[in-house]
There are 2 protein chains.
Amino acid sequence: MTYAVKEMPRPKSLSTTRIAAAALAVIDRDGLAGLSMRAVAAELSMGTMSLYRYVTDREQLEGFVVDLVLSDVDTTRPPRASWARQVTILVERVRDAVGAHPAVVPLTMTHRHTTASLLRWSEAVLAALTDGGFTGPHRAIALRTLLKYVIGSIQLEHLGALSGPGTTAMANLPPAEFPLLAQTARHAQPIPPDEEFRRGLSIVLRGLHASQ
Amino acid sequence: MTYAVKEMPRPKSLSTTRIAAAALAVIDRDGLAGLSMRAVAAELSMGTMSLYRYVTDREQLEGFVVDLVLSDVDTTRPPRASWARQVTILVERVRDAVGAHPAVVPLTMTHRHTTASLLRWSEAVLAALTDGGFTGPHRAIALRTLLKYVIGSIQLEHLGALSGPGTTAMANLPPAEFPLLAQTARHAQPIPPDEEFRRGLSIVLRGLHASQ
DNA sequence: CCTCGTTAGCGTGCTCTGTACGCTTATTCC
DNA sequence: GGAATAAGCGTACAGAGCACGCTAACGAGG
């Protein structure tokens, strides 16, 4: 027996996903600074206030955008791979999904990502870790450490990658005051972000391996 | 021979540090949302537009706030300690400095921290790594990996710590769909943030050790 | 087919933001 | 003391988020 909805005099013409997609389009086109309720409404050919039928807040809309971006990550575990390889692939998928929309990075930080896809992702990572023999609190720490590395990487990448202009500036620092930094910057310059990410991740994985 | 400044008809009554301190006071009291040019001006008992004699932008003011917060980290290297211990202490100092003003965390992310104290901090970390036998590109990767861990940690902590309400919510997830996650959340619950941070860091350090 | 109830959609307007512009006033130098 | 210069600020404007209440489109019952 279905308890039908009492009344539906006029069906909603939009879904939250569609609104989020519109907002994401605005962001991708005009940057995060270009995101405004008016801009999103215009993108949907609606009046500004119509958005508020679907969204309580600008805050909530931003959350939906993050959800949308993160919903692109494949959370299935690659079969027939070592636990470390599984984790690597899962972690790289998150990086790629966020990397596809660099301008939303600040939003992913501010908005608690309790989105369903991140939960599924965590579950998959935990499964891989379990394959690797991790259990109990140690497994919890392992997951969190990986999460921290991902977040830090994304943040740092879209804030000045190793091969970016920031590093170039560091290479020109006064060598008297910052000898190691200047030298390190020169060494780091030719390392592309992908490689930096992979090598850092493999350090973390080695640490996990060595810790149990 | 000093080339004197041509004219100084009226001395500045404020320093950028003092403005940053006022802004930080506003943030600490009213949260980041309470930060506005008017609020900072009021905090200094000035007219709003007077601020613009010292600051070109709200953007720049935010940068100064970050600088101020980060200027609290002691960048001297603890003597007579293993390289790993040195790194641990240096890393924890950054965490503590930022942790003293949780509301500025989003600012530290948005604003490129090319602040002098972070440069000195990096130099110190590099020195410790050099003690540990790291050189060349490998040392660069090591520094970046540590930085990523710090950033990710700070971010994650002020976005839902392991022992926070977020984890409690996870513990109550449908066990059918998220068996490992629910179980992990229960295991993680009693772990305080400090311990989580330390154990994660030691994983990274172990990884660094194992990588060379 | 018509009417009624409900809700999607939106126009108006308020408050608050950052900041451009230009005036007033305090201060230092000769 | 007078002139020059910059500090300090009052006013004003564009654009933001969103509260409020009206209008109109639609589904259901007669």
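Scroll up to find the structure.
First, a word on scope: everything that follows refers to the structure included in this document. (Residues numbered from 1 in each chain as written. Chains lettered and ligands numbered in written order. Predicted model: local features only at pLDDT ≥ 70, side-chain atom pairs only at ≥ 80, totals over all residues.)

What about the overall build of chain A?
Reasoning step 1: A tally of helices and strands in chain A yields 10 helices and 0 strands.
Reasoning step 2: Helices (α) and strands (β) of chain A occur, in sequence order from the N terminus, as α-α-α-α-α-α-α-α-α-α.
Reasoning step 3: Here the C-alpha radius of gyration of chain A, 21 Å, is well above what a compact globule of 212 residues would show, namely 17 Å.
Reasoning step 4: Seen through its principal axes, chain A has C-alpha atoms that stretch 70 × 45 × 25 Å.
Reasoning step 5: Burial status across chain A gives 39% buried among its 212 residues.
Reasoning step 6: Long-range contacts, defined as pairs at least 24 residues apart, comprise 67% of the intrachain contacts of chain A with a sequence gap of at least 6. (Helix = DSSP H or I, 4+ residues; strand = E, 2+ residues; numbered from the N terminus. Rg over C-alpha atoms; globule rule 2.2 N^0.38 Å. Buried ≥ 20, exposed ≤ 12 C-beta atoms within 10 Å, placed from the backbone. Contact = placed C-beta atoms within 7 Å.)

Structural notes on the protein's contact with DNA strand C
Reasoning step 1: Lining the immediate environment of DNA strand C, one finds 22 residues, of which Pro9(A), Ser13(A), Met46(A), Gly47(A) and Met49(A) sit closest.
Reasoning step 2: Along the lines of polarity and charge, the residues of the surface near DNA strand C split into 9 nonpolar, 5 polar and 8 charged. (Near = placed C-beta within 6 Å. Nonpolar A, V, L, I, M, F, W, Y, C, P; charged D, E, K, R; others polar.)

Here we look at helix H3 (residues 58-70) of chain B
Residue and element names in this part refer to chain B.
Reasoning step 1: Along its 13 residues, H3 runs 19 Å from first to last C-alpha, staying within 8% of the 18 Å computed at 1.5 Å per residue.
Reasoning step 2: Within the span of H3, buried status applies to Leu 61, Glu 62, Gly 63, Phe 64, Val 65, Val 66, Leu 68, Val 69 and Leu 70.
Reasoning step 3: Looking at the packing, one finds that the buried side of H3 touches helix H1 (16-30), helix H4 (83-99), helix H5 (105-110) and helix H6 (116-131). (Expected span 1.5 Å × (residues − 1).)

Regarding the packing of helix H10 (residues 193-211) of chain A against helix H10 (residues 193-211) of chain B
Reasoning step 1: Two elements in contact, H10(A) and H10(B), have axes separated by 7 Å at closest approach and are oriented at 100°. The angle between H10(A) and H10(B) falls in the class roughly perpendicular. For the pair formed by H10(A) and H10(B), the contact residues are Ile203(A), Val204(A), Arg206(A), Gly207(A), Leu208(A), Ala210(A) and Ser211(A) on the first element and Ile203(B), Val204(B), Arg206(B), Gly207(B), Leu208(B), Ala210(B) and Ser211(B) on the second.
Reasoning step 2: For the contact of H10(A) with H10(B), the per-class residue count stands at 8 nonpolar, 4 polar and 2 charged. (Axes fitted to C-alpha atoms, helices over the stretch in contact; angles between N-to-C directions. Parallel < 35°, antiparallel > 145°, perpendicular 65-115°, else oblique.)

Regarding the relation of the copies chain A and chain B
Reasoning step 1: Under the fitted operation, chain A is carried onto chain B by 0.0 Å of movement along the axis and a turn of 180°, and the coordinates agree to an RMSD of 0.1 Å. Accordingly, the operation relating the two chain copies is best matched by a two-fold axis.
Reasoning step 2: Of the residues that chain A buries at the interface, 98% are likewise interface residues in chain B, meaning the two copies contact each other through the same surface. (Least-squares fit on C-alpha atoms with pLDDT ≥ 70 in both.)

A closer look at unusual backbone geometry
All names here are of chain A.
Reasoning step 1: Positive phi, normally seen in glycine, also occurs at Ser 45, with a value near 55°.
Reasoning step 2: Looking at where Ser 45 falls in the secondary structure, it is placed in the loop between helix H2 (37-43) and helix H3 (58-70).
Reasoning step 3: On the basis of neighbour counts, which here come to 8 C-beta atoms within 10 Å, the residue Ser 45 falls in the exposed class.
Reasoning step 4: Its identity is not glycine, yet Arg 80 carries a phi of approximately 55°, on the positive side.
Reasoning step 5: In this structure, Arg 80 sits in the loop between H3 and helix H4 (83-99).

Examining the environment of Leu61(B)
All names here are of chain B.
Reasoning step 1: In this structure, Leu 61 sits in helix H3.
Reasoning step 2: Taking the C-alpha atoms as reference points, Leu 61 and Met 37, 24 residues apart in sequence, are found 9.1 Å from one another.
Reasoning step 3: Those residues in contact with Leu 61 that sit more than four places away from it in its chain are Ile 19, Ala 23 and Val 55.

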